[in-house]
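# Remarks on the overall topology
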Amino acid sequence: MDLIDIDEYKIYAKISTTDQDEKIELISSSVSELVKAYCARAFLDYYDTDKVEYYNGGATSYFTEEMPIMSITSIEESIDYGQNYTALVSFEDYVLDLMNDKIIIFAGDLVNAPNYYKITYKAGFPRLPSDLKLACFDLVDYYMKKESTPRKSGSDVSVQYITNSDLPPHIKRVLDLYRVIR
């Protein structure tokens, strides 16, 4: 799911024609993927749709890939490496720690086995936070204006390679607020 759409960007950029729609669509889709990859999260994809993750066990608390956690559909454990699962009971076997956005499991032994826990949950945002949306708009601008391409001055060509730290500083500051470092 793209983080921004073409109509929102066109309003932001004060574009009223349709002659650049294909280019804007391509760039905004690429920017969405770049932001998701950089921040290591999907933001909107699992707000209304279940996300399923598997954990090996051996710990009492788990951080999911997506956040904030909106609800837990189920947590199940398996003693046969994921062939069969038994449901755990909320507030009896596990609890969602809302303050720290993690799941605490206090059922059973600390078994460390592949696919021991299967966690199904919903997480993310109902809509993109406004600061992150603005950063996405600015990134689309950045690529629309080709500010990421090498600058030419006379016979000299100055090659500028983009890395994570080479994102425009005002955009990088916002993205770093949402970035998950694993």
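A brief structural summary. What you are looking at is a predicted structure, and each value in this text was computed from that prediction instead of being measured.

What counts, and where the lines are drawn
- Residues numbered from 1 in each chain as written.
- Predicted model: local features only at pLDDT ≥ 70, side-chain atom pairs only at ≥ 80, totals over all residues.
- Heavy atoms only, no water.
- Helix = DSSP H or I, 4+ residues; strand = E, 2+ residues; numbered from the N terminus.
- Buried < 20%, exposed > 50% of the residue type's maximum accessible area, 1.4 Å probe, protein only.
- Areas by Shrake-Rupley, 256 points an atom, 1.4 Å probe, with all protein chains shown as cover.
- Pairing = 2+ DSSP bridges.
- Salt bridge = Lys/Arg side-chain N within 4 Å of Asp/Glu carboxyl O.
- Arc of directions from axis to C-beta.
- Contact = heavy atoms within 4.5 Å.
- Polar contact = N/O pair within 3.5 Å; in protein donor to acceptor, adjacent residues only side chain to side chain.

Tallying secondary structure elements over the protein chain gives four helices and nine strands in all. For the protein chain, the proportion of its 182 residues judged to be buried stands at 38%. Within the structure as shown, the protein chain displays about 10800 Å² of accessible surface, and the carbon and sulfur contribution to it stands at 52%.

Here the focus is the sheet that holds strand β5 (residues 94-97). Sheet strands associate in pairs through backbone hydrogen bonding, adopting either a parallel or an antiparallel arrangement. Strands sit in the order β2-β6-β5 across an open sheet of three strands; the sheet is antiparallel. Strands with a single pairing partner mark the edges of an open sheet, and in this sheet they are β2 (61-62) and β5. Here β5 pairs with strand β6 (residues 102-105) via four bridges, running antiparallel. Across the sheet, the residue bridging to V95 is I104, located in β6.

Taken as a whole and assessed by the stated rule, the structure comprises six salt bridges. Close ionic contact of K36 with D45 constitutes a salt bridge, the shortest N to O distance being 3.3 Å. Take K36: its relative accessible area is 10%, and that puts it in the buried class. Here E65 ties to K51 by a salt bridge, and the two come within 3.1 Å at their closest N and O atoms.

With that out of the way, let us pick up helix α1 (residues 6-13). Regarding α1, the residues found buried are I6, Y9 and K10. All buried residues of α1 fall inside an arc of 100° around its axis, so they share one side. Exposed side chains of α1 directed beyond 90 degrees from the buried face belong to D7 and I11. Turning to α1, the residues buried within the fold contact α2 (21-39) and α3 (130-144). Two to three positions downstream of the cap, the backbone nitrogen of D7 sits 3.2 Å from a side-chain oxygen, assigning the N-cap of α1 to D5. Phi turns positive one or two residues past the end of α1, at K14, with a value near 55°.

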